[in-house]
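Residue strings, one per chain:
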Amino acid sequence: MENTKQVKLILEDGTEIEGTSFGAFTSSAGEVVFSTAMTGYPENLTDPSFAGQILVLTYPMVGNYGVPGEELYESISKIFESDKIHIAGLVVNYYSEEHSHWNAAKSLGDWLKEYNIPGIFGVDTRMLTKKLREKGAMLGKIVAETDVPLHDPNLDNLVAQVSPAGVQHYGHGQHKIVLVDCGTKTNIIRCFLERDVELIRVPWDYDFTTLDYDGLFLSNGPGDPKMCAPTIQNLHKALQQDKPIFGICLGSQLMGLAAGGDTFKLKYGHRSHNQPVKLTGTQHCYITSQNHGFAVDTETLPAEWDMLFENLNDGTCEGIKHKTKPFFSTQFHPEAAGGPQDTEFLFDDFLKAVVEYKETQAK
Ligand SMILES: NC(=O)CC[C@H](N)C(=O)O
């Protein structure tokens with residue numbers, strides 16, 4: 001065994017669990033959250049929405065397919081959801097040191113080491129998940145040699161930390177889409193570039209209302225949506241117009257806040273690849289990929305807005321929609337990566353709304 005150093009996972013309620021270190025032998029604090037997805041750790045670890053979080057995976061064997069090598073397409077990763085690991089730490093039951101997969105370039109442990117992120121294995125992650133479900137998401141820390149204080153990442157402006165510094169352009173399609181990057185997953189960019197789009201990717205606090213565009217997209221991102229005051233202000237202005245707007249995850253929460261509604265923190269969040277959501281007014285259920293700890297409080301939405309999707313596990317809001325204007329959002333991830341791709345058609349619905357908007361403008 002390459003590394004048999006012991007480390008501890010300590011939760012804010014006093015729970016202490018001993019395990020073995022893999023990845024970087026260092027200490028780290030964050031919010032402890034769990035995902036019940038069975039695969040997809042390369043995607044999860046690079047999803048910027050996980051910034052500040054110690055991720056517990058309930059699937060018992062992790063690392064067996066290693067980590068793929070990077071490949072770029074027009075400066076965008078073809079493989080990962082951003083250009084680095086964002087989690088604060090990783091907690092697994094069995095870490096498989098021997099990996100084997102046709103596109104593996106390195107082990108999960110070596111990849112974590114590259115970014116100085118600690119992992120702990122030998123933890124009963126299902127017991128831990130039951131605890132997090134009963135008590136709710138908790139702060140915690142992985143402690144190696146030196147202790148660190150607990151830290152609540154939801155008090156930080158994590159979006160400002162993961163959003164890009166400048167504006168970038170991609171694609172040469174017919175429809176000009178502004179993507180407000182609050183920590184976007186690259187598969188959202190890939191989903192747009194597979195369609196007839198020119199993408200203008202702007203930072204979270206950029207005043208996009210001054211730009212010439214046909215449709216506005218609001219990305220996913222880490223932390224409490226209420227930290228994004230400048231984005232909410234700009235979005236509020238965009239809501240006064242008629243140009244189509246689509247938001248995913250944090251983008252959905254920002255849409256709710258800009259519309260005048262409120263958001264709240266869920267007891268333990270939704271993180272998995274099999275979350276059932278119902279399209280309001282129908283009996284259609286979609287199985288979706290999710291990663292969120294906050295949600296829009298539908299009770300607080302103004303009269304012009306409706307819930308678009310409902311989570312069939314806990315009844316919470318999985319998306320909202322304006323009753324008359326082409327504005328809609330999903331709390332889940334239609335771009336998947338990882339997870340089911342059943343709702344990718346929502347990108348087409350958005351672009352259809354863009355085409356319709358442009359046709360009415362041309363009349
Ligand atoms: N994936 C996301 O965009 C997550 C949004 C927000 N940070 C939440 O946890 O609810």
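Residues numbered from 1 in each chain as written. Predicted model: local features only at pLDDT ≥ 70, side-chain atom pairs only at ≥ 80, totals over all residues. Heavy atoms only, no water.

**Thoughts on the nonpolar core**
Stage number 1. Grouped together as the largest cluster of nonpolar side chains are 29 residues, with contacts concentrated most on Val178, Val180, Leu216, Leu239, Ile245 and Trp305.
Stage number 2. Contributing elements (two or more residues each) for this core: β15 (175-181), β16 (197-203), β17 (215-218), α6 (229-238) and α7 (250-258).
Stage number 3. Per element, the largest residue contribution to this core is five residues, and it comes from α7.
Stage number 4. Apart from the residues lying within four places of it in its own chain, the contact partners of tryptophan 305 are Leu239, Met255, Ala259, Ile320, Lys321, His322, Lys323 and Phe327.
Stage number 5. In terms of nonpolar packing, the next biggest core, distinct from the first, is built from 25 residues, Ile189, Phe192, Phe309 and Phe347 among them. (Core = buried A, V, L, I, M, F, W, Y, C linked by side-chain atoms within 4.5 Å. Buried < 20%, exposed > 50% of the residue type's maximum accessible area, 1.4 Å probe, protein only. Helix = DSSP H or I, 4+ residues; strand = E, 2+ residues; numbered from the N terminus. Contact = heavy atoms within 4.5 Å.)

**A word on the sheet that holds strand β1 (residues 6-11)**
Stage number 1. A barrel is described by the order of its strands in space; here seven strands give the closed sequence β1-β2-β12-β9-β4-β3-β13, paired in mixed fashion. Direction aside, the axes of adjacent strands within the sheet are offset by 35° on average.
Stage number 2. Relative to strand β9 (residues 89-91), strand β4 (residues 53-57) is paired through three bridges, and the arrangement is parallel. Residue isoleucine 54 lies in a different strand from β9, and its bridge partner there is glycine 89.
Stage number 3. Where helix α3 (residues 125-135) meets the sheet, its contacts fall on β1, β2 (16-23), β3 (28-35), β4, β9 and β13 (138-143), and the angle it forms with β4 comes to roughly 125°. (Pairing = 2+ DSSP bridges. Axes fitted to C-alpha atoms, helices over the stretch in contact; angles between N-to-C directions.)

**Concerning empty space enclosed by the protein**
Stage number 1. By the definition in use, this model includes three cavities of 30 Å³ or more.
Stage number 2. In this structure, the largest cavity spans a volume of roughly 140 Å³.
Stage number 3. Forming the walls of the largest cavity are 16 residues, and the residues nearest its centre are Gly221, Gly223, His292, Gly293 and Phe294.
Stage number 4. Every element with two or more residues in the lining of the largest cavity is listed here: α7, β19 (262-279) and β20 (285-297).
Stage number 5. Counting residues per element, the lining of the largest cavity draws most heavily on β20, at four residues.
Stage number 6. Here the residues of the lining of the largest cavity are counted per class, giving four nonpolar, nine polar and three charged.
Stage number 7. For the lining of the largest cavity, the two domains that each supply at least three residues are domain 1 (6-155) and domain 2 (158-362).
Stage number 8. Its volume calculated, the second largest cavity comes out at about 90 Å³.
Stage number 9. Looking at the second largest cavity, it is lined by 16 residues, and the ones nearest its centre are Asn44, His273, Ser289, Gln290 and Asn291.
Stage number 10. Contributions of two or more residues to the lining of the second largest cavity are made by α1 (41-46), β19 and β20.
Stage number 11. In terms of residue class, the lining of the second largest cavity is built from three nonpolar, nine polar and four charged.
Stage number 12. Per-domain counts for the lining of the second largest cavity show at least three residues from each of domain 1 (6-155) and domain 2 (158-362). (1 Å grid on protein atoms, 1.4 Å probe; cavity = no way out; pocket = protein on both sides within 12 Å on 5 of 7 lines; lining within 4 Å. Points joined across faces, edges and corners; volume = space filled by probe spheres on them. Nonpolar A, V, L, I, M, F, W, Y, C, P; charged D, E, K, R; others polar. Domains from an automatic or database assignment.)

**A closer look at the UniProt feature "active site" (unreviewed entry) in the protein**
Stage number 1. If you check UniProt for "active site" (unreviewed entry), the listed places come out as Cys249, His333 and Glu335 in our numbering. For the residues just named, distributed over 87 residues, the greatest C-alpha separation is only 11.0 Å, placing them together at one site. As for the annotated residues, the ones lining the largest cavity are Cys249.
Stage number 2. A residue is classified by how much of its surface remains accessible, and cysteine 249, at 3% relative accessible area, is buried. (UniProt positions renumbered as here; feature names shortened; annotations may be inferred.)

**Remarks on the packing of aromatic side chains**
Stage number 1. Under the defined criterion, the tally for this structure stands at 17 aromatic pairs.
Stage number 2. The interplanar angle of 25° and the centroid separation of 4.2 Å between the aromatic rings of phenylalanine 22 and tyrosine 95 together place this pair among those described as stacked. Linking phenylalanine 22 in strand β2 with tyrosine 95 in strand β10 (residues 94-95), this pair joins segments that are 73 residues apart in sequence.
Stage number 3. A residue is classified by how much of its surface remains accessible, and phenylalanine 22, at 3% relative accessible area, is buried.
Stage number 4. Note on tyrosine 95: relative accessible area 6%, which makes it buried.
Stage number 5. Taken together, a centroid distance of 5.4 Å and an interplanar angle of 75° make the contact between phenylalanine 217 and phenylalanine 246 edge-to-face. With phenylalanine 217 in strand β17 and phenylalanine 246 in strand β18 (residues 245-248), this residue pair connects regions lying 29 residues apart in the sequence.
Stage number 6. An aromatic cluster of at least three residues, connected via ring pairs, comprises Phe192, Phe217, Phe246, Phe328, Phe347 and Phe350.
Stage number 7. Above the face of the tyrosine 213 ring, lysine 243 is positioned so that its terminal group lies 4.2 Å from the ring centre.
Stage number 8. Stacked on the ring of phenylalanine 294, the Lys or Arg lysine 265 has its end atom at 5.7 Å from the ring centre. (Phe/Tyr/Trp six-rings, centres within 6.5 Å; stacked < 30°, edge-to-face > 60°. Lys NZ or Arg CZ within 6 Å of the ring centre and 35° of its normal.)

**Some words on the side chain of serine 163**
Stage number 1. Summarising the element assignment, serine 163 is placed in the loop between α4 (158-162) and β14 (168-170).
Stage number 2. For serine 163, a relative accessible area of 11% translates into the label buried.
Stage number 3. There is a polar contact of 2.9 Å between the side chain of serine 163 and the backbone nitrogen of tryptophan 204. (Polar contact = N/O pair within 3.5 Å; in protein donor to acceptor, adjacent residues only side chain to side chain.)

**Focus on the side chain of serine 329**
Stage number 1. Take serine 329: it is sitting in strand β24 (residues 327-330).
Stage number 2. Serine 329 has contacts with Phe246, Gly247, Ser252, Met255, Leu308, Glu318, Gly319 and Ile320, leaving out every residue within four places of it along the chain.

**Overview of α3**
Stage number 1. Turning to α3, its buried residues are Thr125, Leu128, Thr129 and Leu132. When α3 is viewed along its axis, its buried side chains cluster within an angular range of 100° and face the same direction. Exposed side of α3, more than 90 degrees from the buried face: Arg126, Lys130, Glu134 and Lys135 are the residues found there. (Arc of directions from axis to C-beta.)

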